[in-house]
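# Architecture and fold: a report
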Amino acid sequence: MDRVKSSMQQVPSALPKVIRRSGGANSLELEKETFERGQAVSINKAINTQEVAVKEKHARTCILGTHHEKGAHTFWAAVNRLPLSSNAVLCWKFCHVFHKLLRDGHPNVIKDSMRNKADLTDMSRMWGHLNEGYGKLCSIYLKLLITKMEFHIKNPRFPGNLQMSNRQLDEAGENDVNNFFQLTVEMFDYLECELNLFLGVFSSLDMSRSVSVTAAGQCRLAPLIQVILDCSHLYDYTVKLLFKLHSCLPADTLQGHRDRFQEQFKKLKSLFYRSSNLQYFKRLIQIPQLPENPPNFLRASALSEHISPVVVIPAESSSPESEHVVETEDLVDTDIPALPAAVETKFDDLFGTSAATDPFNFNNQNGMRKDDKDRLIEQLTREIQALKEELESFRLESGRLCQALRGRVNELEAELAEQSHLRMQAVGESEFLKAELDDLRRVKEDTEKEQRSLTEIEKKAQANEQRYTKLKEKYTELVQSHADLLRKNAEVTRQMTVARAAQDEVEAVRKEMQERVRAAQDTSDRQKEQLQQLQELQRELVSSRTELDSLKVNVASSQQSSELLSTQLSTLEAEKAGLAESLTSKEAELACLGEELQRVQSSLAGERESGVKAAESLQNQLNEKESREQGLESELAAARWASVHSAVEEAERIIQDALVQIDDPAHISCTSSADYLASRCQCSLDCMDRLHSATGAFLADNTGMSELVRAVTRCGHLLGDTIVQGSATSHMVPVEQADALSESIKACGAEALALLGSMKDQGSLAAADSSKLRAALEGILASAEKLRPRGLELQQGELGDLVEQEMAATSAAVESAAARIEEMLNKSRAVDTGVKMEVNERILASCTELMQAIKELVLSSKDLQRDIVESGRGAASMKEFYAKNSRWTEGLISASKAVGWGATVMVDAADLVVQGKGKFEELMVCSHEIAASTAQLVAASKVKADKDSGNLRRLQHASRGVTQATAAVVASTKSGKSQIEEKDTMDFSSMTLTQIKRQEMDSQVLVLELETRLQKERERLGELRKKHYELAGVAEGWGQGDEGTG
C-alpha cells in the first residue's frame, strides 16, 4: 500500500506538463518568428568579435536553418545587420560560416547569395588595402567565396561540397572536349584561390610557436578545414580531367595545363604536409598525403595508379561544445501539438477516464473499492515486469554495443600504433633527408665559395693585367724619353764638337794675328831704326850740306815709303782692332757654349742616373709582376683544372649510375622508342664534336675552361640518358636484337668511362681519343635506325580489312589467270597446228597446273591465318589482332600482292608467247618470280603458326606443289624453245665464201654487242635488286623488330 500511495503521489507532478503540451497549435507566424529568432541567436553567437574559432553547434544550427527554409534569406537578413566592414575578426568568422553554408547548406544558398556578390566584392576590395592581420586574410577569403559561387553558378551539376562520382563528372562535361578544357581552367582558378588562402593563413602565423593550441591561432586555422575538403576534391577532379584531355588532344596543346598543375601540385603537397603536423588538425580531420611525384599525363596507364585523396573527419566526441544547450526560451514549449489519441487512450486505461470514477481521485480516496486496488496493483506489477524485461534487453544490447565498441577501440589502437610506427619511420626519413639536405647545402656553399674565389682570382688577374698594361705603357714612355735624351746628348756632343772646332779655328786665327803683330812690330822697329837713321842723316845734313842734294832723292823716296808704311801700319792696327773684337766675341761665345755644355752634361748625367734608377725599379716591378702573374696563372690553371676534373668526375658518376640502373631489376618495366633513342644518340654525337673542339681550345690557351666544363657535363648527361634509353628500347625488341643493343650500350658506357678516365689526368688530356666512343654511339644510332618502324602508312584499324581485301584480290587474280589460260589454250587449238600447237599446249597446260597449285596455296594460307588469328587474339577482335601484329600483317599484304601481280604478269607473258610475239625467257622469269612470291607468302603465313597445325602441313604441301609446277613451266618452256629453234635450222648451202665470211663477221660483231649488253643488263639487274630491297625495307619495316611476334 505504501508503494501504491507513493506511485499515486508521483502522478500529479507530471500532469501539468501534459496538460500544457496538449494545448492547440500556434499559428504559422508564431512558428516563423520563433525560427527567425533562433536563427538570429545562432548567427550572432557564431559570428562575433571574439578571436576564437566558430563553435560547430552554432554553425550546424545555421546550416539546418537553410534546409528548413530552403534558402538563405534569414541568414542574409541577420548578416546584413552586422558591421562586417568595421571589424576584421567579425568579417573573418562570417566568411567561415558562409563557407560552411555554401558547402553543406541548401542548394538554394548559392543562388540567394549571388544577390550580395557586389557587396562582397566591395568588401574584399576594401579589406585588401590592409597588408597585415585579418584584413588581408578577409580580402583573400572573400575572393575565394566569390569564385566558389561563380563556379557553382556556371557548373550547376557540381554540389556545394563538390562530391561527385566519375559518371557525374563525365556528364558535367557533356562529352565535349571543349567543355572539359574550359572546366579544367575554371578548376585551376578555383584551386588557385584555395591555395592563396592556405598560404595567407600560414604566412600570418608565427610557426615557431605552438599557435594551433591558442584561441587566436585556432580562429585563423579553423576555416582551413573547409579549404582542405575543397582542395582534395578539386585535385582529384583535375587529375581525371587532364587524363581525359590528354586522351583527346595533342600533348603540346596541354603544355600550359601541365605546367600549371605541376605548380599547384607542389604547393598543395607542401600545404597538406604542413597542416598534418599541426596539433589542432590532428583531432579534427585526417589530412591525406599526396604522392611523391605528380601523375604522368603523357602515359595513359598512369590513371590506374592515381589514388583519390580522401579526407576523413572523425566522429564528434561528446565535448561540452558539442552538447546541446537548452535555451531559456525553449523551456516553455508553446508550439507542441496535442498528444495523439493512442497516448490519451493509454493514459485513460491506466488512470481512468473521469474524476467521478477515478480511483486516484484524491478528493475521494476513502471511497475506493478493494478489488479495484488489487486489479490496479496487478496491472502495475505486470507493467513493472515488462519494464524490467525491457530494461534487461536494453542492458544486453548495451553490453553487446560496449563489446563492439571495445573491439573498435582495439582496432583503432592498433591502427594508432601502426600510424605511430609510420610516423617514427617518417621522422627517421625526414632526419635522413635533412642530413642529406644539409650535406647538399654544404656542397653548394663550397661550390659557391670556389666559384667566388675563382671569380676573385679572375678579377685580380684582370686587374694585374691592366696594371701590367699601364706599367708597360709607362716603360715605353720612359724608353722613348731615354731615346730623346740620347738624341739630345748626341746633338749637344755635335755642338760641342763644332764649338771645339770653332775654338781651334779661333786659336789658329789668334796665332796668325800674333804672328802678324810680331811682323808689324818688326816693321815698326825697322821704321824706328829708319827714323833714327833719318835723324842721323838730318844731323849729317846739317853737318854736310854737300850731301843734301844727293840725299834729297833718297829723302823723297824715304818719305814716300814712310807714308806707305804709315798707311800700312794704320791698316794693320785697324785689322788688329777688328781681330781683337772678333776674338773677344768668340771668347765670350766660347765661354757661353762651355757653360751650356757643362749644364747639359750635368742635366744629362742626372737624367741618366734617374733613368737608370727608374729602369731598374721598373725592371724589378716587371719581374715581381711576372712572378705574381706566373703564380696567379698557376693558381688559375690549377683552379681551372680542378673545375674540369670535378666536371669529369661528375660525368663519370652519371654514366656509372646509368650503367648500374640498366642492371636494376626495376628497370625492366621501363620502355622507350627507337626514334627517341636515335635522337638521344644524335645529340650525344653532336655533343662529342663540341667536346672535341672545347678540349682543343682548352689545350691551346687554357681559356676555354667554362666551355669544356659545360661540354663535359652535357656529354655526361646525354651519354647517361642514351644508355638508359637504349636499355629501355631493348625491352621492346626481339631477344637477338635486344642482346646486340645491350652489348652496344655497355660497350658505349665502357668507352665513355675510358675517355673520361683519360681526361681526368692533365698529362693525358691531349691524348684522349673519342673515336671509339663515337664509333660506339654510331653503332647504337645505326641499331636505332634499323629498329625504327617504317610500315605502310595505314591506320591500324584498316590493316585487318586490307589483309582480307588483298587475299581476296590474290584469289581473284589467280582465278582470272586460270580462265585466261584456258581461253588461250582453246584459241591455240583452233588456230595453230603441228609443232607450234604442241608447244603451246604443253606450256599452257603447265601454266594451268601452276595456277591450280597457287590457288591451293592461297586457300591453305587463308585457313592457316584464320587458325593463327583465332588462337592468338584472345578476347580481342580480328582487326585488333592484325593491328597489334602490324609487321606480320604487312608481310602478309606484301606477299599477297606479289603473288597476284606475278600471276597476272605470267598470263600476259604466256599470251604473247602463244601469239608468237613474246619471248620464252619472259615466261621463265615470271615463273621464277611467282615461286619467290609464294615462298614469301608461305614464310609470312607460317611465322606465327603452331608447329603441329594441320593447316601448316597443308600449306607446306601446297608450297611444294607450287615449286614443282614452277619447275614444270620452266621445263616445258625450255623444251618448246628448243623445238622451235630446231625447226628453224640454219641453211648455208646457197651462200658463197664471201657471203659466209661476211655473215661470220656480222655474227662476231653481234656476239660482242650481246656480251656487252649482257654485262650492262647484269649490272642493271643488280642495281634494280638493290633498289628493290631498299624500297621494300622502307615500305615493310625491314630491320625493325617484329613487334607482333612478342
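Rules and cut-offs
Residues numbered from 1 in each chain as written. Predicted model: local features only at pLDDT ≥ 70, side-chain atom pairs only at ≥ 80, totals over all residues. Heavy atoms only, no water. Helix = DSSP H or I, 4+ residues; strand = E, 2+ residues; numbered from the N terminus. Buried < 20%, exposed > 50% of the residue type's maximum accessible area, 1.4 Å probe, protein only. Contact = heavy atoms within 4.5 Å. Areas by Shrake-Rupley, 256 points an atom, 1.4 Å probe, with all protein chains shown as cover. pLDDT = per-residue confidence, 0-100. Salt bridge = Lys/Arg side-chain N within 4 Å of Asp/Glu carboxyl O. Expected span 1.5 Å × (residues − 1). Patch = residues over 30% accessible without salt bridge, like charges linked within 9 Å, V, L, I, M, F, W, Y side chains within 5 Å. Lys, Arg positive; Asp, Glu negative; His and termini not counted. Charge placed at Lys NZ, Arg CZ, Asp CG, Glu CD. Phe/Tyr/Trp six-rings, centres within 6.5 Å; stacked < 30°, edge-to-face > 60°. Lys NZ or Arg CZ within 6 Å of the ring centre and 35° of its normal. Axes fitted to C-alpha atoms, helices over the stretch in contact; angles between N-to-C directions. Parallel < 35°, antiparallel > 145°, perpendicular 65-115°, else oblique. Left-handed = near helix turned anticlockwise from the far one by under 90°. Nonpolar A, V, L, I, M, F, W, Y, C, P; charged D, E, K, R; others polar. Core = buried A, V, L, I, M, F, W, Y, C linked by side-chain atoms within 4.5 Å. Disulfide = S-S within 2.5 Å.

### Observations regarding the overall build of the protein chain
- Within the protein chain, the secondary structure is distributed over 28 helices and zero strands.
- Looking at the protein chain as a whole, 33% of its 1046 residues are labelled buried.
- Relative to all contacts within the protein chain whose residues are 6 or more apart in sequence, the contacts with residues 24 or more apart total 80%.
- Of the roughly 63600 Å² that the protein chain leaves accessible, carbon and sulfur atoms contribute 54%.

### Considerations on the confidence of the model for the protein chain
- The pLDDT averaged across the protein chain works out to 76; a share of 80% of its residues lies at or above 70.
- The lowest-confidence element of the protein chain is helix H1 (residues 2-21), averaging 37 in pLDDT; the highest-confidence one is helix H5 (residues 88-104), averaging 93.
- Low confidence marks residues 790-797, where pLDDT is under 50. Its contacts with residues over four positions away, or in another chain, come to 19 contacts.
- Predicted confidence for residues 1037-1046 stays below pLDDT 50, and this span has 29 contacts to residues more than four positions away or in other chains.

### Details of the pattern of salt bridges
- For the coordinates displayed, the defined rule picks out 24 salt bridges.
- Close ionic contact of Asp189 with Arg260 constitutes a salt bridge, the shortest N to O distance being 2.5 Å. In this pair, Asp189 sits in helix H10 (residues 177-204) while Arg260 sits in helix H13 (residues 255-276), placing the two residues 71 residues apart along the sequence.
- Using a relative accessible area of 34% as the deciding quantity, one classes Asp189 as partly exposed.
- With its nearest N and O atoms 3.6 Å apart, the salt bridge here joins Arg954 to Glu856. Residue Arg954 is located in helix H27 (residues 950-983), and its partner Glu856 is located in helix H23 (residues 834-872); the two are separated by 98 residues in the primary sequence.
- What makes Arg954 partly exposed here is its relative accessible area of 38%.
- Residues joined in a network through salt bridges with shared partners are Arg103, Lys148 and Asp230.

### Points about helix H8 (residues 133-154)
- Given a rise of 1.5 Å per residue, 22 residues ought to cover 32 Å, and the 33 Å separating the end C-alpha atoms of H8 matches this to within 8%.
- Burial of H8 is extensive: 16 of the 22 residues sit out of reach of the surface.

### So, a negative patch on the surface
- A contiguous patch of negative charge on the surface is contributed by Glu445, Asp446, Glu448 and Glu450.
- Among the secondary structure elements, Asp446 is positioned in helix H16 (residues 370-543).

### Topic: the packing of aromatic side chains
- The full count for this structure, using the stated rule, is 18 aromatic pairs.
- By way of ring pairs, the aromatic residues Tyr235, Phe243, Phe261, Phe265 and Phe297 are connected into one cluster.
- The ring centre of Tyr134 lies 4.5 Å from the NZ or CZ of Arg220, which sits over that ring.
- It is Lys244 that lies over the ring of Phe180; its NZ or CZ is 5.5 Å from the centre.

### Describing helix H26 (residues 920-942)
- For H26, built from 23 residues, the straight-helix expectation of 33 Å at 1.5 Å per residue is met to within 8% by its first-to-last C-alpha distance of 33 Å.
- For H26, every residue scored as buried is listed here: Phe920, Leu923, Met924, Cys926, Ser927, Ile930, Ser933, Thr934, Leu937, Val938, Ala940 and Ser941.

### Looking at the environment of Gly696
- Relative to the helices and strands, Gly696 resides in helix H18 (residues 674-701).
- Expressed as a C-alpha distance, the spacing of Gly696 and Leu708, which sit twelve residues apart in the sequence, is 9.3 Å.

### A word on unusual backbone geometry
- Despite not being glycine, Glu174 shows a phi value in the positive range, around 55°.
- Residue Glu174 is classed as exposed on the basis of its relative accessible area, which comes to 54%.
- Even without glycine at this site, Asn175 takes up a positive phi of about 55°.
- Secondary-structure assignment places Asn175 in the loop between helix H9 (166-172) and H10.

### Describing the side chain of Gln725
- Secondary-structure assignment places Gln725 in helix H19 (residues 705-730).
- Classification of Gln725 as buried rests on a relative accessible area of 16%.
- Once residues within four sequence positions are removed from consideration, Gln725 is found in contact with Ser672, Tyr676, Leu677 and Arg680.

### A closer look at the packing of H5 against helix H7 (residues 117-127)
- Interhelical geometry of H5 versus H7 gives an angle of 135° and a closest axis separation of 13 Å. Classified by the interaxial angle, the pair formed by H5 and H7 is oblique. Remark: the crossing between H5 and H7 carries left-handed chirality. Residues Ala88, Cys91, Phe94 and Phe98 of H5 pack against Leu120, Met123 and Trp127 of H7.
- Its residues assigned to classes, the contact of H5 with H7 comprises seven nonpolar, no polar and no charged.

### A word on the side chain of Ser139
- Here Ser139 lies in helix H8.
- Apart from residues lying up to four places away in sequence, Ser139 is in contact with Ser124, Trp127 and Gly128.

### Side note on the packing of H19 against helix H20 (residues 735-759)
- At a minimum axis distance of 9 Å, the contact between H19 and H20 shows a crossing angle of 165°. On the basis of the axis angle, H19 is roughly antiparallel to H20. For H19 against H20, the interelement crossing comes out left-handed. Contacts between H19 and H20 involve Leu708, Val712, Leu719, Ile723, Gly726, Ser727, Thr729 and Ser730 from the former and Ala738, Leu741, Ser742, Ile745, Cys748, Gly749, Ala752, Leu756 and Met759 from the latter.
- Residues belonging to the contact of H19 with H20 are distributed by class as follows: eleven nonpolar, six polar and no charged.

### Comments concerning the nonpolar core
- Counting residues in each nonpolar core, the largest one holds 92 residues, and the members touching the most others are Ile47, Phe75, Phe94 and Phe158.
- With 14 residues, the single largest contributor to this core is helix H12 (residues 224-246).
- Not counting chain neighbours up to four residues away, the residues in contact with Phe75 comprise Ile43, Ile47, Glu69, Phe94, Val97, Phe98 and Leu101.
- Counting residues in each nonpolar core, the second largest holds 48 residues, with Leu454, Ala647, Leu741 and Leu777 among its members.

### So, the environment of Ser846
- Mapped onto the elements, Ser846 comes out in helix H23.
- Owing to a relative accessible area of 5%, Ser846 belongs among the buried residues under this scheme.
- Along the backbone, Ser846 and Thr973 are 127 residues apart, and their C-alpha atoms lie at a distance of 9.1 Å.
- If near-sequence neighbours (up to four positions away) are discounted, Ser846 is found in contact with Ala968, Val969 and Ser972.

### Considering the environment of Lys625
- With respect to the helices, strands and loops of the structure, Lys625 is situated in helix H17 (residues 548-662).
- Residue classification places Lys625 among the buried residues on the basis of a relative accessible area of 1%.
- Once the C-alpha coordinates of Lys625 and Arg467 are considered, the two residues, 158 residues apart in sequence, prove to be 9.0 Å apart.
- Here Lys625 is in contact with Asn464 and Tyr468, once residues within four sequence places are set aside.

### Comments concerning the state of the cysteines
- With the rule as written, the count across this model stands at zero disulfides.
- Residue Cys95 stays outside any disulfide, its sulfur separated by 4.3 Å from that of Cys91, the closest cysteine.

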